[in-house]
Amino acid sequence: MNKELQTKSSTEKNEEYIQKLAPSLPKFEKVKDGVYKFRCVYCGDSRKNPNKRSGYFYIINNSQNYRCFKCNHRSSLKNVLRELKPELYMEYMKEDRSKRE
């Protein structure tokens, strides 16, 4: 088994997958450690203001979560990956399984 997978914390893993997902998130920006904002991919934010960003990834209890402050869509990082980038979700889950073995 790959040693890098064994030593990677869940926070580091989540950060890595957020960075992989970032190119498909409009107006993506890191706010601070563990917090990112971007246009909501579920409601599209504002039609009038193309710079409005209501979607956020944030950490609660060592877990990365998603929330849109406009449409109130809430989800885990894992579910966002599954909905937006299934191939990235499969990679995430495969890494999760290999870490447990």
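Keep in mind that what you see is a predicted model, and the values were worked out from it rather than measured. (Residues numbered from 1 in each chain as written. Predicted model: local features only at pLDDT ≥ 70, side-chain atom pairs only at ≥ 80, totals over all residues. Heavy atoms only, no water.)

Across its full length, the chain carries four helices and five strands. Going through the 101 residues of the chain one by one, you find that 36% of them count as buried. Look at the contacts in the chain between residues 6 or more apart in sequence, and 40% of them connect residues 24 or more apart. As displayed, the chain has an accessible area near 6,400 Å², and 47% of this comes from carbon and sulfur atoms. (Helix = DSSP H or I, 4+ residues; strand = E, 2+ residues; numbered from the N terminus. Buried < 20%, exposed > 50% of the residue type's maximum accessible area, 1.4 Å probe, protein only. Contact = heavy atoms within 4.5 Å. Areas by Shrake-Rupley, 256 points an atom, 1.4 Å probe, with all protein chains shown as cover.)

Now for the layout of surface pockets. Size it by volume and the largest pocket reaches roughly 150 Å³. What lines the largest pocket is a set of 12 residues, among which Ser-10, Asn-14, Ser-63, Lys-78 and Tyr-92 lie closest to the centre. Elements supplying a minimum of two residues to the lining of the largest pocket: helix H2 (10-21), strand S4 (63-68), helix H3 (77-84) and helix H4 (86-100). (1 Å grid on protein atoms, 1.4 Å probe; cavity = no way out; pocket = protein on both sides within 12 Å on 5 of 7 lines; lining within 4 Å. Points joined across faces, edges and corners; volume = space filled by probe spheres on them.)

Moving on, we get to the nonpolar core. Counting 17 residues, the largest nonpolar core has Leu-21, Phe-57, Tyr-66, Leu-77, Leu-81 and Tyr-92 as the members making the most contacts within it. Those elements giving two or more residues to this core turn out to be H2, strand S2 (35-38), S4, H3 and H4. Per-element tally for this core: the top contributor is H4, with four residues. Ignoring anything within four residues of it in the chain, the contact list for Tyr-92 reads Lys-13, Asn-14, Tyr-17, Leu-77, Lys-78 and Leu-81. (Core = buried A, V, L, I, M, F, W, Y, C linked by side-chain atoms within 4.5 Å.)

Right, let's talk about unusual backbone geometry for a bit. A positive phi is found at Lys-27, a non-glycine position, where the angle reads about 60 degrees. Summarising the element assignment, Lys-27 is placed in the loop between H2 and strand S1 (29-32). A positive phi is found at Asn-62, a non-glycine position, where the angle reads about 60 degrees. Within the secondary structure, Asn-62 sits in the loop between strand S3 (55-60) and S4. A residue is classified by how much of its surface remains accessible, and Asn-62, at 58% relative accessible area, is exposed.

Turning to the environment of Gln-19, a few remarks are in order. Along the polypeptide, Gln-19 turns up in helix H2. Gln-19 sits in the partly exposed class, given a relative accessible area of 42%. With sequence-adjacent residues up to four places away left out, Gln-19 is seen in contact with Phe-28 and Tyr-36.

Attention now goes to the sheet that holds strand S5 (residues 74-76). Taken in spatial order, the five strands make up an open sheet running S1-S2-S3-S4-S5, and their pairing is antiparallel. Strands with a single pairing partner mark the edges of an open sheet, and in this sheet they are S1 and S5. Adjacent strand axes in the sheet meet at a mean angle of 25 degrees when their direction is disregarded. H3 rests against S3, S4 and S5 of the sheet, and its axis sits at about 95 degrees to S5. (Pairing = 2+ DSSP bridges. Axes fitted to C-alpha atoms, helices over the stretch in contact; angles between N-to-C directions.)

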